[in-house]
Amino acid sequence: KKGEAWSARFSEPLSELVQRYTSSVFVDKRLAFVDIEASLAHATMLAECAIISLDDLNQIKHGMAQIRDEIERGEFNWQLILEDVHLNIEARLTTLIGDAGKRLHTGRSRNDQIATDMRLWLRGEIDHIHTLLIELRRVLIDLAQHHVATILPGFTHLQVAQPVTFGHHLLAYVEMLARDSERLLDCRKRVNHLPLGAAALAGTSYPIDRQRVADLLGFDKLCANSLDAVSDRDFTIEFTAAAALIMTHLSRFSEELVLWMSPRVGFIDLADRFCTGSSIMPQKKNPDIPELARGKTGRVNGNLIALLTLVKGQPLAYNKDNQEDKEPLFDTVDTVTDTLRIFADMVSGIEVKPAAMRAAALQGYATATDLADYLVKRGVPFRDAHEAVAHAVRVCVERDCNLTDLTLDELRAILPENASLIEPEVFSYLTLEGSVASRRHPGGTAPEQVQLALNAAREALK
Ligand code: ARG
């Protein structure tokens, strides 16, 4: 019974299984440093409001400094029986400094304590993930800068559609990641509210100063309702949803990297250090990192569902269900953090193969739309132009040749009534360069626009 914070109420000890079932310490000890930080802010406020003495505060500071040291050195004795990070630290504090340690929990509950720890911790992780997103955007922008005019086929339905520039293609991901950054920073605003003071659920009768604690811990606002403060975990859900979108974007990119690295496509090669071989097939070099990122997206999506489900049936206010929020949240942070770090490294090592990209763009009639547009500019209604070019493509398919292999007379044959509209300049419209250069509006794939988009994307990093 020794060591349990509520032992006097109970007449029999917890079984070993129940201890293990209810204990979260080996998961939530990860919050130890924010737990100490929040306790010190709470104690400082208690002393300033004359709820504990200055001497108590000084002892608490000393004790906490030693505990922090013990944890850093790996010498802290975490005990399952003490259930969670809060009770472990408080018990050690009391062993070290006696009664002052027992006064720390005045006007506080583990319910507002854990909600505060989670928010403090997540705020720091959001800031870290935000810098990793910026770093990945920077690396993508740097790669795009080398490929403002490198042409590859753009796809719809994974069928060749129209030529695009590789820089433009990469900048599509930069846009996605920029929105991910915005989403994170928006979520951070709602994470950064202070629950402490809500105590167990109804607030406390001590003359506390919540604003002082918020100032000490850098929270922008106080949670305005004590019941809500201790019980909702919507901030973990919102964060995980934002994280799931980051992973979803990286998963789409991963799918493309896998495809591009297939010898059938051969648009890129990934550095050896991001690939593995096969234990049976000596020739293999597999793109494991993007495949794993694609797979790990499933974990984060799962974590999002776990958290939503965790909260959906809970009556106000705190319920022990909430202890189960740690693993999905921690796993989400770890997965997103590792994936972003590894991607920044991997993208900077991508070897681009422009010749393979170009060869692929020359197949599949990627400039058929340009031919139709040429006819439209010469007065042919778009639907008629579309039909005429479809006819030309069919001729090419039958002959197994490209549109550019047709002679001027053969091209003219697709518009028997208006053959003279088609002049020798038509061939310049059929080139890959002509096609991309003509899409020169904002958001288009023309190299000059891609350069402008690059400049803007770089500016946005500042
Ligand atoms: N370990 C708990 C959690 O993660 C802390 C709050 C416990 N409160 C309680 N009344 N049992 O939510």
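Now for a description of the structure that goes with this document. (Residues numbered from 1 in each chain as written. Predicted model: local features only at pLDDT ≥ 70, side-chain atom pairs only at ≥ 80, totals over all residues. Heavy atoms only, no water.)

**Structural notes on the overall build of the chain**
Part 1 of the argument: Helix and strand counts for the chain stand at 20 helices and six strands.
Part 2 of the argument: For 462 residues, the compact-globule estimate of 2.2 N^0.38 gives 23 Å, and the chain exceeds it by more than 25% at 31 Å.
Part 3 of the argument: Based on the C-alpha atoms only, the size of the chain along its principal axes is roughly 100 × 50 × 40 Å.
Part 4 of the argument: Here the chain holds 462 residues, and 48% of them are scored as buried.
Part 5 of the argument: Summarising the internal contacts of the chain: among those between residues at least 6 apart in sequence, 74% fall at separations of at least 24.
Part 6 of the argument: Within the structure as shown, the chain displays about 22400 Å² of accessible surface, and the carbon and sulfur contribution to it stands at 53%. (Helix = DSSP H or I, 4+ residues; strand = E, 2+ residues; numbered from the N terminus. Rg over C-alpha atoms; globule rule 2.2 N^0.38 Å. Buried < 20%, exposed > 50% of the residue type's maximum accessible area, 1.4 Å probe, protein only. Contact = heavy atoms within 4.5 Å. Areas by Shrake-Rupley, 256 points an atom, 1.4 Å probe, with all protein chains shown as cover.)

**A word on the site of the ligand**
Part 1 of the argument: The environment of the ligand is made up of Ser24, Asp84, His86, Arg110, Asn111, Ile114, Tyr318, Lys320, Gln323 and Lys326.
Part 2 of the argument: Here a nitrogen atom of the ligand and a side-chain polar atom of asparagine 111 are 2.8 Å apart.
Part 3 of the argument: With the chains in place, 86% of the 340 Å² that the ligand exposes on its own is no longer accessible.
Part 4 of the argument: For the shell around the ligand, the leading source of residues is helix 7 (residues 110-145), giving three residues.
Part 5 of the argument: Split into classes, the residues belonging to the shell around the ligand amount to two nonpolar, four polar and four charged. (Near = heavy atom within 4 Å. Polar contact = N/O pair within 3.5 Å; in protein donor to acceptor, adjacent residues only side chain to side chain. Nonpolar A, V, L, I, M, F, W, Y, C, P; charged D, E, K, R; others polar.)

**With respect to the pairing of strand 1 (residues 151-156)**
Part 1 of the argument: Two elements, strand 1 and strand 2 (residues 159-165), share six bridges in a ladder whose sense is antiparallel. In the strand pairing of strand 2, proline 153 is matched with proline 163.
Part 2 of the argument: Here strand 1 hands over to strand 2 after two residues, with histidine 157 in that stretch at a positive phi of 55°. (Pairing = 2+ DSSP bridges.)

**Overview of helix 9 (residues 210-217)**
Part 1 of the argument: Burial in helix 9 covers these residues: Val213, Ala214 and Leu217. Seen from one end, helix 9 has its buried residues packed into an arc of 100°, which puts them on one side.
Part 2 of the argument: For helix 9, the capping residue at the N-terminal end is aspartate 209, with a side-chain oxygen 3.3 Å from the backbone nitrogen of glutamine 211.
Part 3 of the argument: One or two steps after helix 9, the chain reaches glycine 218, where phi turns positive at roughly 75°. (Arc of directions from axis to C-beta.)

**Structural notes on the layout of surface pockets**
Part 1 of the argument: The space that makes up the largest pocket amounts to roughly 640 Å³.
Part 2 of the argument: Taken together, 30 residues make up the lining of the largest pocket; nearest its centre are Pro153, Gly154, Phe155, His169 and Glu256.
Part 3 of the argument: Residue contributions to the lining of the largest pocket peak at six residues, all from strand 2.
Part 4 of the argument: When the residues that make up the lining of the largest pocket are grouped by side-chain class, the tally is 17 nonpolar, eight polar and five charged. (1 Å grid on protein atoms, 1.4 Å probe; cavity = no way out; pocket = protein on both sides within 12 Å on 5 of 7 lines; lining within 4 Å. Points joined across faces, edges and corners; volume = space filled by probe spheres on them.)

**Considering the pattern of salt bridges**
Part 1 of the argument: The full count for this structure, using the stated rule, is 32 salt bridges.
Part 2 of the argument: A salt bridge links aspartate 186 to arginine 190, with the nearest nitrogen and oxygen atoms 2.7 Å apart. You can see aspartate 186 and its partner arginine 190 sitting in helix 8 (residues 166-191), four residues apart, about one turn around the helix.
Part 3 of the argument: Its relative accessible area of 35% is what places arginine 190 among the partly exposed residues.
Part 4 of the argument: Notably, a salt bridge pairs arginine 394 with glutamate 398, separated by 3.7 Å at the nearest N-O pair. Taken together, the positions of arginine 394 and glutamate 398, both in helix 16 (residues 382-399) and four residues apart, correspond to about one turn of that helix. We note that arginine 394, like glutamate 398, is exposed. (Salt bridge = Lys/Arg side-chain N within 4 Å of Asp/Glu carboxyl O.)

**Considerations on the environment of threonine 240**
Part 1 of the argument: Within the element layout of this structure, threonine 240 appears in helix 11 (residues 234-261).
Part 2 of the argument: The class of threonine 240 is buried, set by a relative accessible area of 0%.
Part 3 of the argument: Taking the C-alpha atoms as reference points, threonine 240 and threonine 332, 92 residues apart in sequence, are found 6.6 Å from one another.

**Digging into the side chain of threonine 339**
Part 1 of the argument: Note on placement: threonine 339 falls in helix 13 (residues 326-348).
Part 2 of the argument: Within the structure, threonine 339 has its side chain in polar contact with the backbone oxygen of threonine 335 (distance 2.6 Å).

**A look at unusual backbone geometry**
Part 1 of the argument: In this chain, leucine 316 is followed by alanine 317 through a cis amide linkage whose omega measures 0°.
Part 2 of the argument: A positive phi angle is found at tyrosine 365, which is not glycine, with a value near 60°.

**Things to note about the packing of aromatic side chains**
Part 1 of the argument: Across all of its chains, the model carries six aromatic pairs by this definition.
Part 2 of the argument: Judged by centre distance (4.6 Å) and plane angle (45°), the rings of tyrosine 173 and phenylalanine 253 are tilted. Taken together, the positions of tyrosine 173 in helix 8 and phenylalanine 253 in helix 11 put the pair 80 residues apart, joining distant regions of the chain. The same class applies to tyrosine 173 as to phenylalanine 253, namely buried.
Part 3 of the argument: Ring geometry for tyrosine 374 versus tyrosine 429: centroids 4.8 Å apart, planes at 55°, classification tilted. (Phe/Tyr/Trp six-rings, centres within 6.5 Å; stacked < 30°, edge-to-face > 60°.)

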